[in-house]
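# Coordinate analysis (summary)
Listed below, chain by chain, are the residues.
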Amino acid sequence: MRVKGDEFMFEGSVVVVTGAASGIGKQTAIEFARQGAKVVVGDIDEEGGTAVVAGLTSKGHDAAFVRTDLTSEAECENLMAAAAGNFGRVDVLVNNAGIEISTPLHEMPVAEWDKLLDTNLKSMFLCSKYALHQMIEAKSGVIVNVCSVSGLVAWPGIAAYNTTKGGVMMLTKSLAADYAKYNIRANCVCPSIIDTPMTDTSVGNDAAVKEQKAKLNPIGRLGTPEDVANAILFLASDKSSFVTGAALTVDGGYTAI
Ligand SMILES: NC(=O)c1ccc[n+]([C@@H]2O[C@H](COP(=O)([O-])OP(=O)(O)OC[C@H]3O[C@@H](n4cnc5c(N)ncnc54)[C@H](O)[C@@H]3O)[C@@H](O)[C@H]2O)c1
């Protein structure tokens, strides 16, 4: 239920969402735009990212796509510069992009480990680094990182992925500790299984398997991209102005039991 009066909570704000060509990031970009934000989509998927932005601009929202390989420092720097170039500044950064690789550790090639760490963790450091340059100068800003329940507990079979999310958790707390003095907050969301293209790849697109996975959550269903987007918007908004360094589980109760 949308709370009356909360529409346009981000009117005029400039929000960068990484990995917004698909899944959680895409829905997050849509929700921010609906609430008045100017949205910058940074993603390696040019076709998907362009389509998301076209969908937003066709509805009268301000949005821009910047093709970005988030494992590259130069491209992350360019993403933040492009956001400022298009819309003047960066108010909110949502570090969302991520991948999952489930090779067991004893069989994992170093190249796979590096790819996971670079995509899921280094990218969040790099985007934060260049967003912070602008936020420190503005003495204002919010960073929301998309972590996972696997940053809190070890999800079986995806050790390297869990490790990246443990890193995201501590990156979030460290950002909160070091940048509060500049009026910059940092928090993360920790989803359990969310019904996105990533899950279609990792869990499979079989309804019976998904139903079985859904039973792991006391609420008894998988999460939706909207569930996560709503939590991200709360953490990015002034309604959470005394919340920093927090990890908000969006997991249907998965970690409560
Ligand atoms: N789906 C889940 O069950 C789930 C659960 C917990 C946490 N998460 C986290 O949520 C985030 C989003 O996941 P999702 O399920 O929406 O996935 P998704 O696969 O639907 O979307 C991920 C996006 O990231 C982009 N991306 C990947 N590598 C990139 C790179 N190097 N540079 C730029 N963009 C890149 C992809 O192109 C894609 O658009 C991830 O961080 C994931 O770890 C997902």
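The structure we're discussing is the one just above.
None of these values were measured; they are calculated from a predicted model. (Residues numbered from 1 in each chain as written. Predicted model: local features only at pLDDT ≥ 70, side-chain atom pairs only at ≥ 80, totals over all residues. Heavy atoms only, no water.)

## Digging into the site of the ligand
The environment of the ligand is formed by 30 residues, the closest being Ser22, Asp43, Asn96, Tyr161 and Thr196. Tyr161 is positioned such that a nitrogen or oxygen atom in its side chain is 2.6 Å from an oxygen atom of the ligand. Between Ile194 and the ligand, the recorded distance is 2.8 Å, taken from a backbone N or O atom to an oxygen atom. For the ligand, the protein covers 90% of the area, taking 830 Å² as the surface of the free molecule. Looking at the shell around the ligand, the elements that each hand over two or more residues are helix H1 (23-34), helix H5 (159-179) and helix H6 (197-202). (Near = heavy atom within 4 Å. Polar contact = N/O pair within 3.5 Å; in protein donor to acceptor, adjacent residues only side chain to side chain. Areas by Shrake-Rupley, 256 points an atom, 1.4 Å probe, with all protein chains shown as cover. Helix = DSSP H or I, 4+ residues; strand = E, 2+ residues; numbered from the N terminus.)

## Some thoughts on the layout of surface pockets
In this structure, the largest pocket occupies an estimated 1000 Å³ of space. Lining the largest pocket are 42 residues, with Gly98, Ile99, Glu100, Thr196 and Met198 positioned closest to its centre. Of all elements in the fold, only H1, helix H4 (110-138), H5 and H6 reach the threshold of two or more residues within the lining of the largest pocket. It is H6 that contributes the most residues to the lining of the largest pocket, 5 residues altogether. Of the residues in the lining of the largest pocket, the class split is 18 nonpolar, 17 polar and 7 charged. (1 Å grid on protein atoms, 1.4 Å probe; cavity = no way out; pocket = protein on both sides within 12 Å on 5 of 7 lines; lining within 4 Å. Points joined across faces, edges and corners; volume = space filled by probe spheres on them. Nonpolar A, V, L, I, M, F, W, Y, C, P; charged D, E, K, R; others polar.)

## A few points about the nonpolar core
The biggest cluster of nonpolar side chains holds 35 residues, and the ones touching the most others in it are Val16, Leu79, Met80 and Leu93. At the level of elements, strand E1 (14-18), strand E3 (63-67), helix H3 (73-87), H4, H5 and strand E6 (184-191) are the ones that each hand at least two residues to this core. Broken down by element, this core gets its largest block of residues, 9 residues, from H4. Here Leu93 is in contact with Val16, Thr18, Met80, Cys127, Ser128, Ala131, Met135, Val142, Ile143 and Val144, once residues within four sequence places are set aside. Counting residues in hydrophobic clusters, the runner-up holds 29 residues, among them Phe32, Val39, Val189 and Ala236. (Core = buried A, V, L, I, M, F, W, Y, C linked by side-chain atoms within 4.5 Å. Buried < 20%, exposed > 50% of the residue type's maximum accessible area, 1.4 Å probe, protein only. Contact = heavy atoms within 4.5 Å.)

## Concerning the sheet that holds strand E7 (residues 247-250)
Spatially, 7 strands are ordered E3-E2-E1-E4-E5-E6-E7 in an open sheet, and the strand pairing comes out parallel. The sheet is open, and its two edges are formed by E3 and E7, each paired on a single side. The average angle at which neighbouring strand axes cross in this sheet is 20°, direction not considered. Judged from the 4 bridges that link them, strand E4 (residues 92-95) and strand E5 (residues 141-146) form a sheet pairing that is parallel. Each residue of the ladder has a partner; that of Asn95, found in E5, is Asn145. Taken strand by strand, H1 contacts E1, strand E2 (38-43) and E4, and its axis lies near 170° from that of E1. (Pairing = 2+ DSSP bridges. Axes fitted to C-alpha atoms, helices over the stretch in contact; angles between N-to-C directions.)

## Remarks on the packing of H1 against helix H8 (residues 225-236)
Two elements in contact, H1 and H8, have axes separated by 8 Å at closest approach and are oriented at 55°. When the interaxial angle is binned, H1 and H8 end up oblique. The two elements H1 and H8 cross, and the hand of that crossing is right-handed. Contacts between H1 and H8 pair Gly23, Ile24, Gln27, Thr28, Glu31 and Phe32 from the former with Pro225, Glu226, Val228, Ala229, Asn230, Ile232, Leu233 and Ala236 from the latter. Per-class residue counts for the contact of H1 with H8 are 8 nonpolar, 4 polar and 2 charged. (Parallel < 35°, antiparallel > 145°, perpendicular 65-115°, else oblique. Left-handed = near helix turned anticlockwise from the far one by under 90°.)

## Description of the pairing of E1
Counting buried positions along E1 yields 5 of 5 residues, so the element is predominantly enclosed. Across the two faces of E1 the burial is the same, with Val14, Val16 and Thr18 and Val15 and Val17 all buried. As defined by bridge partners, E1 adjoins E2 across 5 bridges and the pair is classed as parallel. In the sheet register, Val14 faces E2, and the bridge partner there is Lys38. Following the chain from E1 across H1 to the adjacent parallel E2, one finds a crossover that is right-handed. (Right-handed = clockwise from strand over helix to strand, strands pointing away.)

## Side note on the pattern of salt bridges
Taken as a whole and judged by the stated rule, the model has 8 salt bridges. In this structure, Glu73 engages Lys129 in a salt bridge whose closest nitrogen and oxygen atoms are separated by 2.7 Å. Placement of Glu73 in helix H3 and of Lys129 in helix H4 is noted, with a sequence separation of 56 residues between them. For Glu73, a relative accessible area of 35% gives the class partly exposed. Residue Lys129 is classed as partly exposed on the basis of its relative accessible area, which comes to 28%. Linked through salt bridges whose partners overlap, the residues forming this network are Asp195, Asp200 and Lys210. (Salt bridge = Lys/Arg side-chain N within 4 Å of Asp/Glu carboxyl O.)

Just distances and angles here, no functional claims.
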